[in-house]
Amino acid sequence: MPGPSKDHLEHLSEEELDEAIDQAQSDEEPYLVRRLCLIKNIYLGDTLTEAATRVGVTTPTASRWVDRWNDDAVDGLRPDSGGGRPPKLDEHQREWLREVLKRHQPLTTHQVQKLIEDGFDVSYSQRHTSRLLNKLGLNYAIPRPESPDRPDDAEEQLEERLEAALDDLDDDAVTDGGVVVGFLDEAWPRPTDNSRRLWSFGRPTLRKETPTENFDDVVFGFYALNGTSVVSCKDDLSKESVGDFFPQDT
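Rules used throughout
- Residues numbered from 1 in each chain as written.
- Predicted model: local features only at pLDDT ≥ 70, side-chain atom pairs only at ≥ 80, totals over all residues.
- Heavy atoms only, no water.
- Helix = DSSP H or I, 4+ residues; strand = E, 2+ residues; numbered from the N terminus.
- Buried < 20%, exposed > 50% of the residue type's maximum accessible area, 1.4 Å probe, protein only.
- Contact = heavy atoms within 4.5 Å.
- Areas by Shrake-Rupley, 256 points an atom, 1.4 Å probe, with all protein chains shown as cover.
- Patch = residues over 30% accessible without salt bridge, like charges linked within 9 Å, V, L, I, M, F, W, Y side chains within 5 Å.
- Salt bridge = Lys/Arg side-chain N within 4 Å of Asp/Glu carboxyl O.
- Pairing = 2+ DSSP bridges.
- Lys, Arg positive; Asp, Glu negative; His and termini not counted.
- Charge placed at Lys NZ, Arg CZ, Asp CG, Glu CD.
- Core = buried A, V, L, I, M, F, W, Y, C linked by side-chain atoms within 4.5 Å.
- Axes fitted to C-alpha atoms, helices over the stretch in contact; angles between N-to-C directions.
- Parallel < 35°, antiparallel > 145°, perpendicular 65-115°, else oblique.
- Left-handed = near helix turned anticlockwise from the far one by under 90°.
- Nonpolar A, V, L, I, M, F, W, Y, C, P; charged D, E, K, R; others polar.
- Phe/Tyr/Trp six-rings, centres within 6.5 Å; stacked < 30°, edge-to-face > 60°.
- Polar contact = N/O pair within 3.5 Å; in protein donor to acceptor, adjacent residues only side chain to side chain.

1. Topic: the overall build of the chain
On a plain count of helices and strands, the chain comes out with ten helices and eight strands. Considering the chain as a whole, with its 250 residues, one finds that 30% of them fall into the buried category. For the chain, the share of sequence-separated contacts (at least 6 apart) that also reach a separation of at least 24 residues comes to 62%. For the chain, the accessible area works out to roughly 16,200 Å², and carbon and sulfur atoms hold 47% of it.

Right, here's the structure in full:
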């Protein structure tokens, strides 16, 4: 769905729009920054849907923001709060929000913020959203990340392997410093946070599978029980990369 043309949005020059965004940031008006950024994206040639996706709102919400911009420029993008504190949801709106949260729990604070903004055109800060959720009877928990490939007896397997490795060591070699004991592990850093607060009714034990997307490089870590721990990034999990991770004495 194409957005309105750039000519219909030029209440300000691009430089003036950048200044308005900077001013909103200085005034700690995150809701206004977000809306002005949507307008800036349309200035730069985005369609309405593209601009909405960039700032994380639905296309109908973006369309309402554009209409307000066309009517009153920057002032049109401010919530109808009359200044001061952001507008509060009335009892009917809170009850509707409660029912939606029950159907879709658990949700992160950011997801609830978007839900309120898209549903009521009201922007709350993260702190205000948290207070509202507490009043509605929700509790938060931080999920315990779990790999989808993690076996059920992972801790037992680790303990068994550690005991076996220690049994295989030659005591004389440990005494004269010829053996370093530790753990070699690998990890793929991920671009997304996997431990944000999740809100729900009650206090369930939350587990969350780790996301599948990763950065390109793998991180090797050797955690030494006797010696020096080392961490390094490598291109892959090949035996050559593992070999390069452990420098050889010349």
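2. Quick word on a nonpolar patch on the surface
Taken together, the side chains of L158, F183 and Y223 define a hydrophobic patch exposed on the protein surface, amounting to about 300 Å² of accessible area. With relative accessibility at 33%, the residue F183 sits in the partly exposed group.

3. A closer look at the sheet that holds strand 1 (residues 107–108)
Strand order in the open sheet formed by three strands is 1-5-2, and the pairing between neighbours is antiparallel. If you trace the sheet from one side to the other, it starts and ends with strand 1 and strand 2 (138–141), each paired once. Bridge analysis of strand 2 against strand 5 (residues 198–201) gives four bridges, and the strand direction is antiparallel. When the bridges of strand 5 are listed, Y140 appears paired with W199.

4. Overview of a negative patch on the surface
Where like charges cluster on the molecular surface, the negative patch consists of D152, D153, E156, E159, E160 and E163. The topology assignment puts D153 in the loop between strand 3 (144–146) and helix 8 (154–168). By relative accessible area, which is 35% here, D153 ends up partly exposed.

5. Remarks on the nonpolar core
Taken as a class, soluble globular proteins show a tendency for nonpolar side chains to be buried jointly. In terms of nonpolar packing, the biggest core is built from 23 residues, with L36, L38, I39, V57, W69 and L77 touching the most fellow members. Where this core is concerned, the elements lending two or more residues are helix 1 (14–26), helix 2 (30–43), helix 3 (48–55) and helix 4 (59–76). Not counting chain neighbours up to four residues away, the residues in contact with L38 comprise A51, A52, V55, V57, A62, W65 and V66. Formed by 14 residues, the second largest nonpolar core is a distinct cluster that contains L89, V112, L132 and L133.

6. What about the packing of helix 1 against helix 2?
The description of two helices packed together rests on the angle between their axes and the distance between the axes. In contact at an axis separation of 9 Å, helix 1 and helix 2 are set at 160° when each is read in the N-to-C sense. Between helix 1 and helix 2, the angle is such that the two are roughly antiparallel. Judged by the twist between their axes, the crossing of helix 1 over helix 2 is left-handed. Along its contact with helix 1, which presents E14, L17, D18, A20, I21, A24 and Q25, the element helix 2 presents L32, V33, L36, C37, I39, K40 and Y43. Broken down by class, the residue content of the contact of helix 1 with helix 2 amounts to ten nonpolar, one polar and three charged.

7. Overview of the packing of helix 6 (residues 109–120) against helix 7 (residues 126–135)
The N-to-C vectors of helix 6 and helix 7 enclose an angle of 90°; their axes lie 10 Å apart at closest approach. Of the possible angle classes, the one that applies to helix 6 and helix 7 is roughly perpendicular. From helix 6, T109, V112, Q113 and I116 reach across to helix 7, where they touch Q126, T129, S130, L132 and L133.

8. Things to note about the packing of aromatic side chains
For the coordinates displayed, the defined rule picks out one aromatic pair. Judged by centre distance (5.2 Å) and plane angle (85°), the ring pair of W96 and F120 falls under edge-to-face. Taken together, the residues span a long stretch of sequence, with W96 in helix 5 (residues 91–104) and F120 in helix 6 at a distance of 24 residues.

9. Structural notes on a positive patch on the surface
On the surface, a cluster of positive charge is made up of K88, R127, R131 and K135. Within the fold, R127 resides in helix 7. With a relative accessible area of 66%, R127 lands in the exposed category.

10. Concerning the side chain of T61
Relative to the elements of secondary structure, T61 occurs in helix 4. Side-chain polar atoms of T61 contact the side chain of T58, separated by 3.0 Å.

11. Section: the sheet that holds strand 8 (residues 230–234)
With antiparallel pairing, three strands are arranged side by side in an open sheet as 4-7-8. Lying at the two open borders of the sheet, with one neighbouring strand each, are strand 4 (182–187) and strand 8. Here the average twist between neighbouring strands, direction ignored, is 15°. By the bridge criterion, six bridges tie strand 4 to strand 7 (residues 218–224) in an arrangement that is antiparallel. Following the sheet pairing, L184 is matched in strand 7 by F222.

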